Amino acid sequence: MLACHAAGRGRPRPRLITCTVGALAALALLLLCAPAGVAADGEYEVPDPIIKAFSPKGLSVSIPDSEGVELFAFHGNVNRELGEREAGEMSMDIRKKSKEGLWTYQSQRKLKVGDVINYWLYVQRFGRGYERLGQTFYVTELARDPGKVDESEPPKRTPKSGQGQGSSRGSGWRELADKEDKEPALEPTFESRQIIVIEGRPPAAYRPQQSRPPPPPPSYEGGRRK
């Protein structure tokens, strides 16, 4: 029990303020342990969504899961006014949460920096509907979609068999090959020259001599040599 004095005319009178420590502790515990979207008085409120615009295209709108949520709906327009509870050009009901515990709306809408998204949300929890009306999101940046391949980066080449770190020849062979590539080729000496086979035949100096038949004997006709 706490006592304080209230300022006033005449003799100050004591004012008693009763405060229960247990009630304060219970209130603090309620505020800390309240699930997402649930106010301190236990009434559910649609939480602030997590909105991301992607490059080259794509949009995602997510809210965290809460006990009893059965459906999440997103309705929106891009760069155009959206009437209260109007379906909008982007409209979808999500009936299953993701593995990460999020209720997520996804679209392949192409957006750019400066676009304005007017939207409203609807959540059904324990059979009762809750709305978040008259919301606006400004696209200030485009995030990279993790599910897309960045075409600006060249694809990485996979080393062929026998090359790269997985080569059975090892790094010593690569160092030797690099050294040979950098050193200029030397003209072979006379002793180191080898016979080069041209068109599949050995040089003439090493071609075996073919035997020639002897010339026929001269014939004589009428006493004259023919």
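No experiment lies behind these values; they were computed from the predicted model shown.

**A few points about the sheet that holds strand β6 (residues 90-94)**
In space, the 4 strands of this open sheet follow the order β6-β5-β8-β9, with antiparallel pairing throughout. Since the sheet does not close on itself, it has two edges, and those belong to β6 and β9 (128-138), each with one partner. Mean inter-strand twist for the sheet, computed between neighbouring axes without regard to direction, equals 15°.

**With respect to the packing of aromatic side chains**
Counted by the stated rule, this structure contains 3 aromatic pairs. Summarising the aromatic geometry, the rings of F74 and Y105 are spaced 4.7 Å apart at their centres and angled 25° between planes, so their arrangement reads as stacked. Separated by 31 residues along the polypeptide, F74 in strand β5 (residues 69-78) and Y105 in strand β7 (residues 102-107) bring together distant segments of the chain. Considered together, F74 and Y105 belong to a single accessibility category, that of buried residues. One aromatic cluster in this structure is built from F74, Y105 and Y119.

**Side note on unusual backbone geometry**
That bond from S55 to P56 is cis: its omega, 5°, falls within 30 degrees of zero. Its identity as a non-glycine residue notwithstanding, R85 has a phi of 65°, on the positive side. Position of R85 relative to the elements: it lies in the loop between β5 and β6. Judged by its relative accessible area of 46%, R85 is partly exposed. One non-glycine residue, F126, lies in positive phi territory at about 55°. Relative to the assigned elements, F126 resides in the loop between β8 (116-125) and β9.

**Details of the sheet that holds β7**
Sheet strands associate in pairs through backbone hydrogen bonding, adopting either a parallel or an antiparallel arrangement. Here we have 4 strands laid out as an open sheet, ordered β7-β4-β3-β10, and mixed in their pairing. The open sheet has two free edges, formed respectively by β7 and β10 (143-144), since each of these has just one partner strand. Bridge count between strand β4 (residues 59-64) and β7: 6 bridges; the pairing is antiparallel. The partner of V61 across the bridge, within β7, is Y105.

**Considerations on the confidence of the model for the protein chain**
Model confidence for the protein chain is summarised by a mean pLDDT of 73, while 48% of its residues fall at 70 or above. Considering only residues more than four positions removed or in separate chains, one finds that residues 1-10, a stretch of pLDDT under 50, has 15 contacts. For the stretch residues 12-21, pLDDT sits under 50, and the model shows 16 contacts to residues farther than four places along the chain or on other chains.

**Structural notes on the pairing of β5**
By the criterion of burial, β5 is predominantly enclosed, with 9 of the 10 residues buried. Sheet topology note: the β5/β8 ladder contains 9 bridges and is antiparallel. Its bridge partner lying in β8, A73 is registered against Y122. When β5 meets β6, the two strands line up antiparallel, connected through 5 bridges.

**Details of the environment of L71**
Summarising the element assignment, L71 is placed in strand β5. It is 5.8 Å that separates the C-alpha atoms of L71 and I94, two residues lying 23 residues apart in sequence.

**Some words on the nonpolar core**
Core analysis: the largest hydrophobic core is formed by 22 residues, its most contacted members being L59, V61, F72, F74, Y105, I117 and L121. Elements with a minimum of two residues in this core: β3 (50-55), β4, β5, β6, β7 and β8. Leave out the neighbours within four places in its chain, and F74 touches V61, M90, S91, M92, Y105, I117, Y119, W120 and L121.

**Overview of the pattern of salt bridges**
As enumerated under the stated definition, the model contains 8 salt bridges in all. Residues E84 and R85 are paired through a salt bridge, measuring 2.7 Å at the closest nitrogen-oxygen approach. It is possible to trace a salt-bridge network through shared partners that takes in R80, E89 and R109.

Procedures and definitions
- Residues numbered from 1 in each chain as written.
- Predicted model: local features only at pLDDT ≥ 70, side-chain atom pairs only at ≥ 80, totals over all residues.
- Heavy atoms only, no water.
- Pairing = 2+ DSSP bridges.
- Helix = DSSP H or I, 4+ residues; strand = E, 2+ residues; numbered from the N terminus.
- Axes fitted to C-alpha atoms, helices over the stretch in contact; angles between N-to-C directions.
- Phe/Tyr/Trp six-rings, centres within 6.5 Å; stacked < 30°, edge-to-face > 60°.
- Buried < 20%, exposed > 50% of the residue type's maximum accessible area, 1.4 Å probe, protein only.
- pLDDT = per-residue confidence, 0-100.
- Contact = heavy atoms within 4.5 Å.
- Core = buried A, V, L, I, M, F, W, Y, C linked by side-chain atoms within 4.5 Å.
- Salt bridge = Lys/Arg side-chain N within 4 Å of Asp/Glu carboxyl O.

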